[in-house]
Amino acid sequence: MTHDRARAELVIFDCDGVLVDSERIYCRVDREVFASLGAEFSEEEMVDLFVGSSGKQLTTLIEERLGRRLEHGWDRPFRYLYEEALDAELTEVEGVTEVLDALDVPFCLASNGSHRSIRRNLTRTGLLPRFEGRVFSAHDVAHGKPAPDLFLHAARSMGVAPERCAVVEDSAYGVQAARAAGMRVFGFTGGLTRADRLAGPGTRLFTHMRELPELLGVGA
């Protein structure tokens, strides 16, 4: 059963690091790309600063490290590096298909990624049909995570009150956004983000996807 409050009526999944095991790939390629621009980040900084960030946040953080502005479209020459790595390495997070099969309430996806990148990654892993028509991107709202806008937009679009929603997140930005939206949070610690950065009020931590249906209390 759920650890607190009433049973969830909608489960909102983040994408990268929750549904698809992409964060390790992004962090590795990001670090190489940023270094080529002259912006050096440690592995710990890569996780703390960039996992779950939006494209706008990412650019701002690099500019701060560089001490200069980047030209619009600075990332375009590097996109093929990400596409090649994702094509070769991307898989779904272990246990995700079983979780989706077990849920007996509606679910959707809300990600800081673009619709294009979300669709590409869901297609690569075979998960797209499960979320067709229920994909929400930070590009749909004024402010992505850690602002609550995206989760509130997803809940409104799905016709469920925020307090009846459960969010599954693996990043500090995402957890912060879900709390700000007044939603319960399930923090997945099986990825890159340290558990202490996900822990906090209204948040239940778990380490493997197979635990999620029971924690949510929404298994079939």
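Procedures and definitions
Residues numbered from 1 in each chain as written. Predicted model: local features only at pLDDT ≥ 70, side-chain atom pairs only at ≥ 80, totals over all residues. Heavy atoms only, no water. Helix = DSSP H or I, 4+ residues; strand = E, 2+ residues; numbered from the N terminus. Rg over C-alpha atoms; globule rule 2.2 N^0.38 Å. Contact = heavy atoms within 4.5 Å. Salt bridge = Lys/Arg side-chain N within 4 Å of Asp/Glu carboxyl O. Core = buried A, V, L, I, M, F, W, Y, C linked by side-chain atoms within 4.5 Å. Buried < 20%, exposed > 50% of the residue type's maximum accessible area, 1.4 Å probe, protein only. Expected span 1.5 Å × (residues − 1). Pairing = 2+ DSSP bridges. Axes fitted to C-alpha atoms, helices over the stretch in contact; angles between N-to-C directions. Phe/Tyr/Trp six-rings, centres within 6.5 Å; stacked < 30°, edge-to-face > 60°. Parallel < 35°, antiparallel > 145°, perpendicular 65-115°, else oblique. Left-handed = near helix turned anticlockwise from the far one by under 90°. Nonpolar A, V, L, I, M, F, W, Y, C, P; charged D, E, K, R; others polar.

## Observations concerning the overall build of the chain
Stage number 1. Looking only at helices and strands, one finds 11 helices and six strands in the chain.
Stage number 2. The C-alpha radius of gyration of the chain comes to 17 Å, within 12% of the 17 Å expected for a compact globule of 220 residues.
Stage number 3. Considering only C-alpha atoms, the chain reaches an extent of 50 × 35 × 30 Å along its principal axes.
Stage number 4. Within the chain, contacts between residues at least 6 apart in sequence are counted, and of these 68% link residues at least 24 apart.

## Re the pattern of salt bridges
Any two side chains of opposite charge can pair, on the condition that their charged atoms come close.
Stage number 1. What the rule picks out here adds up to 20 salt bridges.
Stage number 2. Through salt bridges that share partners, Glu-44, Asp-48, Arg-194, Asp-196 and Arg-197 make up one connected network.

## Brief notes about the nonpolar core
Stage number 1. Of all hydrophobic cores here, the largest spans 56 residues; its most connected members are Phe-13, Leu-19, Phe-34, Ile-62, Leu-122 and Met-209.
Stage number 2. Grouped together as the second largest cluster of nonpolar side chains are 21 residues, Ile-12, Leu-150, Val-160 and Leu-198 included.

## What about helix H3 (residues 55–66)?
Stage number 1. Taking 1.5 Å of rise per residue, the 12 residues of H3 would be expected to cover 16 Å, and the 17 Å separating its terminal C-alpha atoms lies within 8% of that figure.
Stage number 2. Those residues of H3 not exposed but buried are Gln-57, Leu-58, Thr-59, Leu-61, Ile-62, Glu-63 and Leu-66.
Stage number 3. Taken together, the buried residues of H3 touch helix H1 (23–37), helix H2 (43–50) and helix H9 (172–180).
Stage number 4. Just downstream of H3 lies Gly-67, where phi reads positive at about 80°.

## So, the sheet that holds strand S3 (residues 135–137)
Stage number 1. Read across the open sheet, the six strands follow the order S3-S2-S1-S4-S5-S6; overall the sheet is parallel. Only two strands of the sheet have a single partner each, and these edge strands are S3 and strand S6 (203–206). In this sheet, neighbouring strand axes are inclined to one another by 25° on average, regardless of whether the strands run parallel or antiparallel.
Stage number 2. Both strand S1 (residues 10–13) and strand S2 (residues 107–111) contribute to a ladder of three bridges, which runs parallel. Bridging from a neighbouring strand, Ile-12 pairs with Cys-108 of S2.
Stage number 3. Packing of helix H6 (residues 115–125) onto the sheet brings it into contact with S2 and S3, and relative to S3 it is tilted by some 140°.

## Let's talk about the packing of aromatic side chains
Stage number 1. For the structure shown, the criterion picks out eight aromatic pairs.
Stage number 2. Centre to centre, the rings of Phe-13 and Phe-131 are 6.3 Å apart; their planes meet at 85°, and the pair counts as edge-to-face. Separated by 118 residues along the polypeptide, Phe-13 in strand S1 and Phe-131 in helix H7 (residues 128–131) bring together distant segments of the chain.
Stage number 3. Seen in terms of ring centroids, Phe-188 and Phe-206 are 5.4 Å apart; in terms of plane orientation they differ by 40°. Their pairing is tilted.

## With respect to unusual backbone geometry
Stage number 1. Looking along the chain, the bond that leaves Lys-145 and enters Pro-146 is cis, with omega of 20°.
Stage number 2. For Pro-146, the location among the structural elements is in the loop between S3 and helix H8 (149–158).

## Here we look at helix H4 (residues 79–89)
At 3.6 residues per turn, the α-helix brings residues three or four places apart onto the same side.
Stage number 1. The set of residues buried in H4 consists of Tyr-82, Glu-83, Ala-85 and Leu-86.
Stage number 2. Tucked into the core, H4 has its buried residues touching H1 and H6.

## What to know about the packing of H1 against H3
Stage number 1. Interaxial distance between H1 and H3 falls to 11 Å at its minimum, and their mutual angle equals 40°. Relative to H3, the element H1 lies oblique. The interaxial crossing formed by H1 with H3 has right-handed handedness. Facing H1, whose interface residues are Asp-30, Phe-34 and Leu-37, H3 presents Leu-58, Ile-62 and Leu-66.
Stage number 2. Of the residues that constitute the contact of H1 with H3, the class distribution is five nonpolar, no polar and one charged.

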